[in-house]
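# Reading the structure
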Amino acid sequence: MVLDIDFGTAAGLLTVLIGSWWALVKIMFSQFERRQDERFSTLTATLTEQKNELDAHMRKQDAVMADLRRVELSTASEIRRVENELRQSQIDSLARFQTKTEATSQYTEILQAIRALGERIDKLHARINE
C-alpha cells in the first residue's frame, strides 16, 4: 500500500502537525507559568501573613519587656526604700529601747543597791537591838 501524497499536501500536513505540536507546547508552558504564579502568590501571601504575625508578637513582647523594666526599676526603688526604713527603725530602736547588755547592767546595779540598802537596814536593827 503506497500513499501518493503530493508535496503541497505533505507540506500542509507537516505544517498542521508542527502547528499543533507548537500549540500544545505553548499551552503546557502557559499552564506551567500559571501554576508557578499561583504558587508564588500563595507563598507571598503566606510570608506576608507570617511576617505580620511575627511583627504583632514582637510588639507584644516589646511591651511586656518594657513593663518588666518598669517593674524592675520600681521594685529596686521599693527595695531601697524598705532598706532605708529598716535602717531608720534600727537607729530609732537604739534610741528608744535598751539593749540586753544595758538591761543586765541596770538590773545588776539595782540588785546591788537593794542589797546595800538591806545591809544598812540590818546594821540599824543590830544597833537598836543592842
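Up top is the structure these notes are about.
A few points on the structure. (Residues numbered from 1 in each chain as written. Predicted model: local features only at pLDDT ≥ 70, side-chain atom pairs only at ≥ 80, totals over all residues. Heavy atoms only, no water.)

### Focus on the overall build of the protein
- Scanning the protein from N- to C-terminus turns up 2 helices and 0 strands.
- The C-alpha atoms of the protein give 54 Å as radius of gyration, which overshoots the globular expectation for 130 residues (14 Å, by more than 25%).
- Principal axes of the C-alpha set define a box for the protein whose edges measure 180 × 30 × 10 Å.
- For the protein, with 130 residues in total, the buried portion stands at 1%.
- Distance from the positive charge centre (18 side chains) to the negative charge centre (20 side chains) of the protein: 8 Å. (Helix = DSSP H or I, 4+ residues; strand = E, 2+ residues; numbered from the N terminus. Rg over C-alpha atoms; globule rule 2.2 N^0.38 Å. Buried < 20%, exposed > 50% of the residue type's maximum accessible area, 1.4 Å probe, protein only. Lys, Arg positive; Asp, Glu negative; His and termini not counted. Charge placed at Lys NZ, Arg CZ, Asp CG, Glu CD.)

### Regarding the pattern of salt bridges
- For the structure on display, the rule yields 4 salt bridges.
- Taking the shortest distance from any N to any O, the salt bridge between glutamate 78 and arginine 81 comes out at 2.4 Å. Here arginine 81 and glutamate 78 lie together in helix H1 (residues 7-96), a separation of 3 residues that amounts to about one turn.
- When salt bridges with common partners are traced through the structure, they connect Glu78, Arg81 and Glu85 into a single cluster. (Salt bridge = Lys/Arg side-chain N within 4 Å of Asp/Glu carboxyl O.)

### Here's the deal with a nonpolar patch on the surface
- Residues Phe40, Leu43 and Leu47 make up a contiguous nonpolar surface patch of roughly 310 Å² in combined accessible area.
- In this fold, phenylalanine 40 is placed in helix H1. (Patch = residues over 30% accessible without salt bridge, like charges linked within 9 Å, V, L, I, M, F, W, Y side chains within 5 Å. Areas by Shrake-Rupley, 256 points an atom, 1.4 Å probe, with all protein chains shown as cover.)

These values are about where atoms sit, not about what they do.
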